[in-house]
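Residues per chain are reported as follows:
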2 protein chains.
Amino acid sequence: MARILFTCAYDGAPYRGWQSQRGGQTLQDTIEEAMGRIVREPVRIAASGRTDAGVHALAQVFHADLPESCRMSAENWVAALNAHLPGSIRMLAARYVSADVHARFSAEGKVYEYLICRDAVLNPFLCGRAWHIPHAFSEELLEAALRVYVGTHDFRRFAARRGNEPEPPPPGFYERTIHAAELQREGQGMLRLRFHGNGFMYRMVRMLVGTAHQVARGRMTPEALSAMLLDIHAPKTRFCAPAEGLYLHRVIYPTQLK
Amino acid sequence: MARILFTCAYDGAPYRGWQSQRGGQTLQDTIEEAMGRIVREPVRIAASGRTDAGVHALAQVFHADLPESCRMSAENWVAALNAHLPGSIRMLAARYVSADVHARFSAEGKVYEYLICRDAVLNPFLCGRAWHIPHAFSEELLEAALRVYVGTHDFRRFAARRGNEPEPPPPGFYERTIHAAELQREGQGMLRLRFHGNGFMYRMVRMLVGTAHQVARGRMTPEALSAMLLDIHAPKTRFCAPAEGLYLHRVIYPTQLK
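These notes cover the structure that comes with them. All values reported here derive from a predicted model rather than from experimental measurement.

### Quick look at the layout of surface pockets
Any empty space left between the atoms is revealed when a probe the size of a water molecule rolls over them.
For step 1, the next point in the chain: A volume near 1500 Å³ is recorded for the largest pocket.
For step 2, the next point in the chain: Looking at the largest pocket, it is lined by 40 residues, and the ones nearest its centre are Phe125(A), Leu126(A), Arg129(A), Phe125(B) and Leu126(B).
For step 3, the next point in the chain: For the lining of the largest pocket, the secondary structure elements donating two or more residues are strand S5 (109-117) and strand S9 (190-197) of chain A together with strand S5 (109-117) and strand S9 (190-197) of chain B.
For step 4, the next point in the chain: In terms of residue class, the lining of the largest pocket is built from 24 nonpolar, six polar and ten charged.

### Examining the interface of chain A and chain B
For step 1, the next point in the chain: Across the boundary between the two partners, chain A contributes 20 residues, which contact 20 residues of chain B.
For step 2, the next point in the chain: Where chain A abuts chain B, roughly 1300 Å² becomes buried across the two surfaces, and 74% of that area is made up of carbon and sulfur atoms.
For step 3, the next point in the chain: Per-residue buried area on chain A facing chain B is highest for Pro124(A), Phe125(A) and Arg129(A); these three make up 47% of the total on that side.
For step 4, the next point in the chain: Counting across the interface, chain A meets chain B through zero salt bridges.
For step 5, the next point in the chain: Our count for the contact surface shared by chain A and chain B stands at two residue pairs in polar contact (both at pLDDT 80 or more).
For step 6, the next point in the chain: Those elements that place two or more of their residues in the side of chain A that touches chain B are strand S1 (2-10), strand S3 (56-66) and strand S4 (89-97) of chain A.
For step 7, the next point in the chain: Top contributing element to the side of chain A that touches chain B by residue count: S4(A), with four residues.
For step 8, the next point in the chain: Among the residues forming the side of chain A that touches chain B, the class breakdown is 13 nonpolar, four polar and three charged.

### Comments concerning the environment of Ile4(A)
All names here are of chain A.
For step 1, the next point in the chain: Tracing the sequence through the fold places Ile4 in strand S1.
For step 2, the next point in the chain: Classification of Ile4 as buried rests on a relative accessible area of 0%.
For step 3, the next point in the chain: Between the alpha carbons of Ile4 and Arg95 there is a distance of 5.6 Å; along the sequence they are 91 residues apart.
For step 4, the next point in the chain: In this view, Ile4 contacts Phe62, His63, Ala64, Leu66, Ala74, Trp77, Ala94, Arg95 and Tyr96; residues no more than four positions away in its chain are not counted.

### As for the relation of the copies chain A and chain B
Put simply, the second copy of the chain is the first one after a rotation about an axis and a shift along it.
For step 1, the next point in the chain: For these two chains of identical sequence, chain A goes onto chain B by a turn of 180° and a shift of 0.0 Å along the axis, with RMSD 0.0 Å. With respect to symmetry, the two chain copies, as superposed, fit the operation of a two-fold axis. Looking at the rotation axis and the C-alpha trace of chain A, the residue lying nearest is Phe125(A), at 4.8 Å.
For step 2, the next point in the chain: Take the interface residues of chain A: 100% of them recur as interface residues in chain B, which is what a same-surface contact looks like.

### Some remarks on empty space enclosed by the protein
For step 1, the next point in the chain: Going through the model one piece at a time under the given rule, you end up with one cavity of 30 Å³ or more.
For step 2, the next point in the chain: Here the largest cavity is characterised by a volume of approximately 30 Å³.
For step 3, the next point in the chain: Of the residues that constitute the lining of the largest cavity, the class distribution is seven nonpolar, no polar and two charged.

### Quick notes on the packing of aromatic side chains
For step 1, the next point in the chain: Counted under the stated rule, the structure contains 20 aromatic pairs over all chains.
For step 2, the next point in the chain: Ring centres of Tyr10(B) and Trp18(B) lie 5.9 Å apart, and the angle between their planes is 35°; on these two criteria the pair is classed as tilted.
For step 3, the next point in the chain: Seen from their ring centres, Phe173(B) and Tyr174(B) are 5.1 Å apart, and the 85° between their planes marks the pair as edge-to-face.
For step 4, the next point in the chain: Residue classification places Phe173(B) among the partly exposed residues on the basis of a relative accessible area of 31%.
For step 5, the next point in the chain: Among the aromatic residues, those joined into a cluster by ring pairs are Phe6(A), Tyr10(A), Trp18(A), Phe62(A) and Trp77(A).
For step 6, the next point in the chain: In this arrangement the basic side chain of Arg118(A) is found over the ring face of Phe137(A), its NZ or CZ atom lying 3.7 Å from the centre.

Each value, and the rule that gives it
Residues numbered from 1 in each chain as written. Chains lettered and ligands numbered in written order. Predicted model: local features only at pLDDT ≥ 70, side-chain atom pairs only at ≥ 80, totals over all residues. Heavy atoms only, no water. 1 Å grid on protein atoms, 1.4 Å probe; cavity = no way out; pocket = protein on both sides within 12 Å on 5 of 7 lines; lining within 4 Å. Points joined across faces, edges and corners; volume = space filled by probe spheres on them. Helix = DSSP H or I, 4+ residues; strand = E, 2+ residues; numbered from the N terminus. Nonpolar A, V, L, I, M, F, W, Y, C, P; charged D, E, K, R; others polar. Contact = heavy atoms within 4.5 Å. Buried area = accessible area lost by both parts, 1.4 Å probe. Salt bridge = Lys/Arg side-chain N within 4 Å of Asp/Glu carboxyl O. Polar contact = N/O pair within 3.5 Å; in protein donor to acceptor, adjacent residues only side chain to side chain. Buried < 20%, exposed > 50% of the residue type's maximum accessible area, 1.4 Å probe, protein only. Least-squares fit on C-alpha atoms with pLDDT ≥ 70 in both. Phe/Tyr/Trp six-rings, centres within 6.5 Å; stacked < 30°, edge-to-face > 60°. Lys NZ or Arg CZ within 6 Å of the ring centre and 35° of its normal.

Below, the structure is given as structure tokens:
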């Protein structure tokens, strides 16, 4: 078998998320089926992480182990897969790697972006691709909330349960480091929130954005948000931003990845 | 009855074109149904022109005659319709006009834009929203072809039959004036072709783009294109660019429109 690492982009709107499930219509099922048609045997792929239904990717990464019998160049794999996939999923790059490289476990960090549109009316071409917030809020308070998140924290109040957590969790289980959380203003009422971290738990970015929005609306102070982050006994946040504004922007690997 | 003129934008991908048809799923049917739910009686609307299945609009214009009994401000009409329509159709503006104003017959001109993406791989967020041309062609020849179109010409070789043409056509029936046909280069391999004219026949912009692309590929010289345009006995062009790259950008009305 030869391991190959793919980078792909997708519009998440037509899919029920990354993770394979009964009934299909997921990104994993769609890509595995296309690969299976090429190699003529079942293929399993492993992503850097799942994305929820409606979440997009500009550069998701996954690996697959392919039989030596259908060895072709990485460039040809990109072209062949694109020929078999719908236009809403595009392979961007591929490379052969050694068998100890893993799309998820070798990743050092991720960058997510979250799009917010402040226009009174949401452009139909952004429908399903941004969170439309026509009501008033403070961009300064939004930035203040984002600054609270930066650093190494126990983010358990900002993660949804997936049902597979160990009980009790080992020390540091919910700890993540956010290297940067920035707001970039784009033209025409668009805001881009950029999160760079060493890892994000299930729904974490959406919960960070949803809670920061509460601060931006003046319903919670940045100090209260900070207190909530430091108190591991505080209840989980109830605020989760919609999936459609979220983009997996990049998965970061060590430069010496072979 | 009070006549109201609406400006709207839509993503044409999920629709079978503007024109109402049996089975619905057209823009006209969807908007008429939403208006009907608001005024509680059937409503008919008239657009500046039809757009084909898959064609988009940034500012389509249509009018409707609404019963005086449900008179509300133009702003409220915009909000009410947006509340009843899917996010792929958005009302942008509305104004009450006199009964002699007609979305189609009062129009003085139109601007269409056509998007071409030259990237090797089409970004999934442009799928259905641009013509993907990864093969080589000359942008200089494309511009030369566009220059041929500018002016007042008999464009019958660049229009599809709709079946309702008079036979024989009266003089000037196929004559249109193209004020400008320009190529704008955008970042990241995107080209925007902009057509401003006093009117466009059925499929005309797509046929202009499709034929200009033949010139750009070196399969026809700009001189041959010019000869084809001047010879009204030449056969119709066989080249029609895909619907998904086309955007109705603006409908132009006299400034004194009341």
